[in-house]
Structures are given as C-alpha cells and as structure tokens.
Amino acid sequence: LKKLQKKICDEGIVLSDSVLKVDSFINHQMDPKLMFEIGQEFVQRFEGKSITKVLTIESSGIAPAIMAALQLEVPLIFARKKKSLTLKDNVYTSKVYSFTKQEENEITVSKEFLEPNDKVLVIDDFLANGQAALGLIEIIKQANAEVSGIGIVIEKSFQNGGDKLRNLGYQVESLAQVSSLKNGEVQFLSQKLEEVTA
Ligand code: G4P
C-alpha cells in the first residue's frame, strides 16, 4: 500500500534502531480514510478465504481490524489485555510476552464469540516478534476454530515475528514491510525510499 508507505516516510519518527513512532496516524491520532483503505486492502489480500470473524488485540489493532470487518461484513472481536469487570468466566486466555515493552499480558476472549466453525482473520497494527499474533492463534486453537490468515499494518521484517508465523504455514500479509530503522531512516523491504516519496 503505497499511501501507507508514504505516510510512514512523511510522518513516522524513528525513535531507535528498532522502534518506529506512528502516533500521528495509527497509535494515537488516527487517519480514518487511510484506515478504511487498509481494511479494503486486507479484504483483497484474503479474498476467497470465507472469513467469518476478525480478531485483534486492544487497543491499536482495533482500528484496522474494524475496517476490515466492516468490509467483510463480519463481526470483530478484540482480545482484552486488562481485566474486565464483565468478562471473567467462560473465557479463553493466553499469555503474551512483549520483548519491546518487557512485560507480560494475559489476553482474554469470551467463549461466547468464537465457535469451532469460525474462520478467523487475525489483524494487528505492528508485527515485531510475533508474540501478540501467536497469543491470538493460541486462542483460536482453544476454540477449535481456523486461522484464515494474519493481516499486519506495519511489519518490522528485521525482527523475527514474520518468519516465525510464515514458517508455521500461515498466510501473513503486511501492508508495509520495514526492513531497517538504522541511522534514523526508514527502509522498506520491497521498495526504495526514493520511489515511495517520489
Ligand atoms: P510482538 O507482539 O510482535 O511480539 O510485538 P511486541 O511485543 O514487540 O510489541 C508490543 C507492543 O508494542 C504492541 O503494542 C506493538 O504494537 C507495539 N510495537 C512494537 N514495535 C513497535 C514499533 O516499532 N512502533 C510502535 N509504535 N509500536 C510498536 P501494544 O502494547 O499492544 O499497544 P497498543 O496496541 O495498546 O498500542
């Protein structure tokens, strides 16, 4: 998605060799039109997969996931990271360790919303080490449902999450693949920066 790559070039801030700040259009302020197009692109890339549910994790995964779900005309479920007052019993849970944040979260999804015949598309904003996606896959497995694929807005392909998931046989579709953040510069896997900004 060229528009996404351009937005990353124009507004992304490289905080370190491994962290990209995209607070102006994904993680804090959001760009609804771009999000809609992101949803559209996911629908195209997973065409023919007969998806029945979209699954993400709160909070930043929700926007791209709801846009995909809207256009697929299926429900979106977001796994909760915080303990919920209303969601305690009859739940699937999985532990997700974040290397970036060095913290562990237990994620929760009600058993009510995932059924054995569901074909589930996993969506998230970032793919780094793959722990969030693996946690969601674990929950889909607990429900005996099927993983239809994994849609990611920004994959940091210099970290190992993408390889891990692809080696497990999943279709992973990342709309921007960042290959390096070295020297304060964003490099993409498939396209040179000059081509994107031209
Ligand atoms: P992983 O799931 O692929 O292993 O990723 P990791 O644990 O490294 O990421 C944990 C959190 O940090 C996730 O957000 C993820 O979206 C975010 N993250 C990882 N790398 C980057 C980055 O380079 N830039 C930005 N902006 N975020 C990054 P989270 O804790 O679930 O937060 P949120 O969804 O509530 O915003």
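See the structure above.
As a starting point, this report considers the structure included with it. (Residues numbered from 1 in each chain as written. Predicted model: local features only at pLDDT ≥ 70, side-chain atom pairs only at ≥ 80, totals over all residues. Heavy atoms only, no water.)

## Here we look at the nonpolar core
What counts, and what does not: Residues enter a nonpolar core if they are buried and are Ala, Val, Leu, Ile, Met, Phe, Trp, Tyr or Cys, with the set joined through side-chain atoms within 4.5 Å. Burial status follows relative accessibility: with a 1.4 Å probe on protein chains alone, a residue under 20% of its type maximum counts as buried, one over 50% as exposed, and anything between as partly exposed. Helix and strand assignments follow DSSP, with helices taken as H or I runs no shorter than four residues and strands as E runs no shorter than two, numbered in order from the N terminus. For this analysis, residues touch if any pair of their heavy atoms sits within 4.5 Å.
Counting residues in hydrophobic clusters, the biggest one holds 31 residues, and the most contacted among them are Leu-4, Ile-8, Leu-20, Ile-38, Phe-42, Ile-154 and Val-186. Among the elements of the structure, α1 (2-11), α2 (32-45), α3 (62-72), β7 (119-127), β8 (146-156) and β9 (172-180) are those that each provide at least two residues to this core. Among the elements that make up this core, the one with the highest residue count is α3 (5 residues). In contact with Phe-42, other than residues within four places in its own chain, are Pro-64, Ala-68, Ile-123, Gly-151, Ile-152, Val-153, Glu-173 and Leu-175. Ile-77, Ile-107, Val-122 and Ile-140 belong to the second largest nonpolar core, which has 25 residues in total.

## As for the pattern of salt bridges
Quick note on the threshold: Each reported salt bridge corresponds to a side-chain nitrogen of Lys or Arg within 4 Å of a carboxyl oxygen of Asp or Glu.
Counted according to the given criterion, the structure contains 10 salt bridges. Measuring nitrogen to oxygen at the nearest pair gives 2.9 Å for the salt bridge that ties Glu-41 to Arg-45. Placement of the pair is Glu-41 and Arg-45 together in helix α2, with a separation of 4 residues, close to one helical turn. Classification of Glu-41 as buried rests on a relative accessible area of 18%. In this structure Arg-45 comes out as partly exposed when scored by relative accessible area, which is 26%. Salt bridges sharing partners connect three or more residues here, namely Lys-7, Glu-11 and Asp-31.

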